[in-house]
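Reading the structure
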Amino acid sequence: MGNYYQKELECASRETIVAIQNEKLVKTVKKVYENVEYYRNKMDAVGVKPEDIKSIDDLHKLPFITKDDLRDAYPYGLMAEPLENCVRIQSTSGTTGRRVVAFYTQNDIDMWEECCARAIMATGGTKKDVVQVCYGYGLFTGGPGLNGGSHKVGCLTLPMSSGNTDRQIQFMVDLEATILCCTPSYAAYLAESIEERGVRDQIKLKAGIFGAEAWTEEMRQDIEKRLGIKAYDIYGLTEISGPGVSFECEEQAGMHINEDHFIAEIIDPKTGEVLPDGEVGELVFTSIDKEAFPLLRYRTKDICVLSRKPCSCGRTHVRMSKPMGRSDDMLIVKGVNVFPSQIEQVLLQQGLTSNYQIIVDREKYSDTIEVLVEMTPELFSDSVTDLSAKEKEVVAGLKSMLGIYAKVRIVEPKSIVRSEGKAVRVIDRRNLYKKA
Ligand code: DLL
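What this report covers is the structure whose coordinates are included nearby. (Residues numbered from 1 in each chain as written. Predicted model: local features only at pLDDT ≥ 70, side-chain atom pairs only at ≥ 80, totals over all residues. Heavy atoms only, no water.)

**Overview of the site of the ligand**
Cut-off, in case you're wondering: Proximity is defined per residue: any heavy atom of the residue falling within 4 Å of a molecule or strand makes that residue near it. Definition of a polar contact: a pair of N or O atoms within 3.5 Å, with one able to donate and the other able to accept a hydrogen when the atoms are protein atoms, and with sequence-neighbouring residues admitted only if both atoms are side-chain atoms. Using a 1.4 Å probe, the Shrake-Rupley method yields the accessible areas, and only the shown protein chains count as cover for residues. In this text, helices come from DSSP runs of H or I with a minimum length of four residues, and strands from runs of E with a minimum of two, each type numbered from the N-terminal end. Throughout, the ten residues Ala, Val, Leu, Ile, Met, Phe, Trp, Tyr, Cys and Pro are labelled nonpolar, Asp, Glu, Lys and Arg are labelled charged, and all others, Gly among them, are labelled polar.
Around the ligand lies a shell of 23 residues, among which Asp 233, Ile 234, Thr 238, Asp 302 and Arg 326 are the nearest. Within the backbone of Ile 234, a nitrogen or oxygen atom sits 2.7 Å from a nitrogen atom of the ligand. One of the side-chain nitrogen or oxygen atoms of Thr 238 is found 2.6 Å away from an oxygen atom of the ligand. Burial of the ligand by the protein amounts to 98% of the accessible area it has alone, namely 610 Å². No other element matches the five residues that strand 7 (residues 230-237) contributes to the shell around the ligand. Residue composition of the shell around the ligand, grouped by class: 10 nonpolar, eight polar and five charged.

**Examining the nonpolar core**
Keep this limit in mind: Here the nonpolar core consists of buried residues drawn from Ala, Val, Leu, Ile, Met, Phe, Trp, Tyr and Cys, with membership extended through side-chain atoms lying within 4.5 Å. In this scheme, a residue with accessible area under 20% of its type's maximum is buried, one over 50% is exposed, and one in between is partly exposed, where area comes from a 1.4 Å probe on protein chains only.
Counting residues in hydrophobic clusters, the biggest one holds 69 residues, and the most contacted among them are Leu 146, Leu 283, Phe 285 and Leu 295. At 10 residues, the largest contribution of residues to this core is made by helix 5 (residues 106-122).

**Description of the packing of aromatic side chains**
To keep things clear, this is the line we draw: Here a Phe, Tyr or Trp ring, Trp counted by its six-membered ring, pairs with any other such ring whose centre lies within 6.5 Å, and the pair is stacked when the planes are under 30 degrees apart, edge-to-face when over 60, and tilted otherwise. Charge over a ring is defined by NZ of Lys or CZ of Arg lying within 6 Å of the ring centre and within 35 degrees of the ring normal.
Under the counting rule described, the total for this entry stands at seven aromatic pairs. An angle of 40° between the planes, with centres 6.4 Å apart, marks the rings of Tyr 235 and Phe 285 as tilted. Residue Tyr 235 is located in strand 7, and its partner Phe 285 is located in strand 11 (residues 281-287); the two are separated by 50 residues in the primary sequence. Phe 285 matches Tyr 235 in its accessibility class, with the two residues each being buried. On the basis of an interplanar angle of 70° and a centroid distance of 6.5 Å, the ring pair of Phe 262 and Phe 285 is categorised as edge-to-face. Within this pair, whereas Phe 262 is found in strand 10 (residues 262-267), its partner Phe 285 is found in strand 11, the two being separated by 23 residues in sequence. In this pair, the class of Phe 262 matches that of Phe 285, namely buried. Through a chain of ring-to-ring contacts, the aromatic side chains of Tyr 76, Phe 103 and Phe 293 assemble into a single cluster. Between the NZ or CZ atom of Arg 299 and the centre of the ring of Phe 64, over which it lies, the distance is 5.5 Å.

**Thoughts on the packing of helix 7 (residues 165-174) against helix 8 (residues 184-197)**
Selection rule: Every angle, taken between N-to-C directions, lies between 0 and 180 degrees, and every axis is a line fitted to C-alpha atoms, over only the stretch in contact when it is a helix. Here the angle decides the label: under 35 degrees means roughly parallel, over 145 means roughly antiparallel, 65 to 115 means roughly perpendicular, and every other value means oblique. Note on definitions: a residue-residue contact is assigned when non-hydrogen atoms from the two residues lie within 4.5 Å.
Orientation of helix 7 relative to helix 8, taken along the N-to-C sense of each, is 75°, at an axis distance of 10 Å. The pairing of helix 7 with helix 8 is recorded here as roughly perpendicular in orientation. Residues Thr 165, Asp 166, Gln 168, Ile 169 and Met 172 of helix 7 lie in contact with helix 8, whose contacting residues are Tyr 186, Tyr 189, Leu 190, Ser 193, Ile 194 and Arg 197. When the residues that make up the contact of helix 7 with helix 8 are grouped by side-chain class, the tally is six nonpolar, three polar and two charged.

**Concerning empty space enclosed by the protein**
As a reminder, the rule being used: Buried and open spaces are told apart on a 1 Å grid over the protein atoms alone, a cavity being a set of points where a 1.4 Å probe fits but cannot get out and a pocket being an open set with protein on both sides within 12 Å along at least five of seven lines. Residues with an atom within 4 Å of a point are the lining residues. Grid points are joined across faces, edges and corners, and a volume is the space filled by probe spheres set on the points.
What the rule picks out here adds up to two cavities of 30 Å³ or more. A volume near 60 Å³ is recorded for the largest cavity. For the largest cavity, the full set of lining residues is Leu 70, Ala 73, Tyr 74, Pro 75, Gly 77, Leu 78, Arg 99, Val 100, Val 101 and Phe 293. Approximately 30 Å³ is the volume found for the second largest cavity. Lining the second largest cavity, in full, are Ala 102, Phe 103, Tyr 104, Asp 108, Lys 290 and Phe 293. Element by element, the count of residues in the lining of the second largest cavity is highest for strand 2 (residues 101-104), at three residues. Of the residues in the lining of the second largest cavity, the class split is four nonpolar, no polar and two charged.

**Describing the sheet that holds strand 19 (residues 366-374)**
Which entries qualify depends on this criterion: Two strands make a pair as long as DSSP finds a minimum of two bridges between them.
With mixed pairing, the four strands of this open sheet are ordered in space as 20-19-18-21. Two strands bound the open sheet, and with one partner strand each, they are strand 20 (407-411) and strand 21 (426-428). Neighbour-to-neighbour, the strand axes of this sheet turn through a mean angle of 20°, independent of strand direction. In terms of strand pairing, strand 19 meets strand 20 through five bridges, oriented parallel. Residue pairing in the sheet places Glu 374 in a bridge with Val 411 of strand 20. Packed on one face of the sheet, helix 10 (residues 340-349) meets strand 18 (356-363), strand 19 and strand 21 and runs near 125° to strand 18.

**Some words on helix 8**
As a reminder, the rule being used: The length a helix should cover is 1.5 Å for every residue beyond the first.
For helix 8, which comprises 14 residues, the first-to-last C-alpha distance of 20 Å matches the rise-based estimate of 20 Å (1.5 Å per residue) to within 8%. Across the 14 residues of helix 8, 10 count as buried, placing the element largely inside the fold. The set of residues buried in helix 8 consists of Pro 184, Ser 185, Tyr 186, Ala 187, Ala 188, Leu 190, Ala 191, Glu 192, Ser 193 and Ile 194. For helix 8, the secondary structure elements touched by its buried residues are helix 7, strand 5 (179-182), strand 6 (207-211), helix 9 (217-227) and strand 18. Of the residues one or two after helix 8, Gly 198 is the one with positive phi, at around 65°.

**Focus: the pattern of salt bridges**
Using the following cut-off: Salt bridges are identified by distance alone: a Lys or Arg side-chain nitrogen within 4 Å of an Asp or Glu carboxyl oxygen.
A full pass over the atoms with the stated rule returns 33 salt bridges. Close ionic contact of Asp 428 with Arg 430 constitutes a salt bridge, the shortest N to O distance being 2.9 Å. By relative accessible area, which is 32% here, Asp 428 ends up partly exposed. By sharing partners, the salt bridges in this structure join Arg 14, Glu 259, Asp 277 and Arg 308 into a single network.

Now the structure itself:
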């Protein structure tokens, strides 16, 4: 027990945390009201002035911010600092239509990397560790976030980025990586590839920091056994900074939310009402330290539950459960955020029908996505070659919209089961989320 990056903050008493939150919240609200017209209009619309927010008990008075707001205000509408004070842009793994861009000052980057440093140290990490980062580098926050955290701890950092499994394993063996950072599905794939190459006894890994997508306890046990490591969950989202908004400690029982930087609430996704700790609902974050892109009461759409039960690791920050699902229809496939509406847009643009179904599955730890779409009567009369050409066209359209390969199958008219209520567009066979 007791490996912390910022012990005083991570193990602060409840009173201290609340005092920090109160002070930073008041400051942040004042700042956004004064500097961000979009917020000012939203707050004016519900009749809330900065003076009305005196402490976290007043948080509920503020309006929510959603992804739609981010889209409306794209790209600069929610910035609270002049562009010249910003040093970085990151973006969600979604695609053009739904892209969210987040801006960072140098202080914002430092704060975010410190969160990742906390996560690394919570796994027992020290400057003696060799951290292999195989999250993507670039606009996606996974690579840059863990990379920065690893530097802060003083670890030797291998900025591998994603892909090229042969090279990953070669470096892992040759440079004796001890901490692996990647998505859980890639970790499982690496485990399998290591077994296939017969080099399991040559790897020195002791811990993994896996997140960016849902994964189950069973998957954790499987990865731990096959790689001989402890596998820790890490959560985050671009809008709120990136990975490290919360992370698991040695208890591996929920992720501590960095409460000195982010205030968490759980709300009823239907009514917006704040729910008490212990109830399942949608997670909402207020960032109270971010300078360039502060978000007040941002609805994550992730469904989970908070727990304030004391943790044996000594950290006092509230713990969130693994996300149990989402309150919108966003899917995360191969680490990429996908909305069914984007798929529908491509199908309609290409002259197909809106009778479609999306089947998401997992084969050998890798996500697959298949789109079944009914042909139109015009296509029906065409020959088989035309059909397969059309399928290829749709595959290309989806690739450019989503950035990932989706298999496409054009099926006969009326062959997709009609629903009497809401259409069942998505069949997710991965069973990643526990039932709430
Ligand atoms: O996925 C940031 C990240 C990178 C987290 C690396 C952890 C590790 P986005 O692309 O903006 O950011 O996607 C955010 O991914 O709202 C969740 O739905 C989902 N998500 C992230 N972490 C987890 C996790 C990054 N540990 C969205 N378990 C979030 C389940 C997760 N879902």
